[in-house]
Amino acid sequence: MSESTPAAVAATYFEALARGDMPRAMAQLGEQVVWHQPGAHRFSGQHVGVEAVGAHLGRMMEASEGTFQLAPTGPAMVNGGFIAVPVRFSATRSGAAMDMAGVDLLTIQDGKIVAVLLFSEDGAAEDAFWGGA
């Protein structure tokens, strides 16, 4: 499998996240990546560009007091340039905790992640954890 196949790009991205290697994870994103953060909380919405996504993730890590974690819970499902990955994510902060399943849907073109759509099993609980918009 070539390093730039969609499956390989997704695997590199998730392996880097699991190790906490944010520079390597961010290197898998295209310059104009579009990140779709679900919900009705302060981090919800669309974030465009690798710098904006990096800043967005940094704010989420800060708000979770450095505890946010995400890990795949099953195999990646590949449909051409679309990769769906079942995940579990968790975080704690000052008396609040979140731990739930989700799905990350990546769109990969020319060896880079160009779009990320996130799905959460309990949007209301995620909104409550992150706080109002």
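Above this note sits the structure.
Structure report, in brief.

Overview of the side chain of Asp104
Part 1 of the argument: For Asp104, the position within the fold is in strand 6 (residues 96-109).
Part 2 of the argument: Notably, Asp104 is buried but unbridged: the nearest opposite-charge side chain belongs to Arg88, and the N-O separation is 12 Å.
Part 3 of the argument: Those residues within four positions of Asp104 in sequence are excluded, and the remaining contacts are Phe14, Leu70, Ile83, Ala84, Val85, Val87, Leu117 and Leu118.

A few points about the pairing of strand 5 (residues 82-93)
Part 1 of the argument: Pairing between strand 3 (residues 69-72) and strand 5: 4 bridges, direction antiparallel. Bridged to Leu70 within strand 5 is Phe89.
Part 2 of the argument: By the bridge criterion, 3 bridges tie strand 4 (residues 77-79) to strand 5 in an arrangement that is antiparallel. Each bridged residue has a counterpart across the sheet, and for Val78 the counterpart in strand 5 is Ile83.
Part 3 of the argument: Across 12 bridges, strand 5 lies against strand 6 in antiparallel orientation.

Some words on the nonpolar core
Part 1 of the argument: Judged by nonpolar contacts, the single largest core of 30 residues is most densely connected at Tyr13, Leu29, Leu106 and Ile113.
Part 2 of the argument: Of all the secondary-structure elements, those providing two or more residues to this core are helix 1 (6-19), helix 2 (22-27), strand 1 (29-37), helix 3 (50-63), strand 5, strand 6, strand 7 (112-120) and helix 4 (123-130).
Part 3 of the argument: Beyond its immediate sequence surroundings of up to four residues, Leu106 is in contact with Ala10, Tyr13, Phe14, Gly81, Phe82, Ile83, Ile113, Ala115 and Val116.

Things to note about unusual backbone geometry
Part 1 of the argument: Backbone geometry places Glu65, a non-glycine residue, at a positive phi of 55°.
Part 2 of the argument: Note that Glu65 resides in the loop between helix 3 and strand 3.
Part 3 of the argument: Look at Asp110: it is not a glycine, yet its phi comes out positive at around 50°.
Part 4 of the argument: Note on placement: Asp110 falls in the loop between strand 6 and strand 7.
Part 5 of the argument: Since its relative accessible area comes to 81%, Asp110 is described here as exposed.

Rules behind the numbers
- Residues numbered from 1 in each chain as written.
- Predicted model: local features only at pLDDT ≥ 70, side-chain atom pairs only at ≥ 80, totals over all residues.
- Heavy atoms only, no water.
- Helix = DSSP H or I, 4+ residues; strand = E, 2+ residues; numbered from the N terminus.
- Buried < 20%, exposed > 50% of the residue type's maximum accessible area, 1.4 Å probe, protein only.
- Lys, Arg positive; Asp, Glu negative; His and termini not counted.
- Salt bridge = Lys/Arg side-chain N within 4 Å of Asp/Glu carboxyl O.
- Contact = heavy atoms within 4.5 Å.
- Pairing = 2+ DSSP bridges.
- Core = buried A, V, L, I, M, F, W, Y, C linked by side-chain atoms within 4.5 Å.

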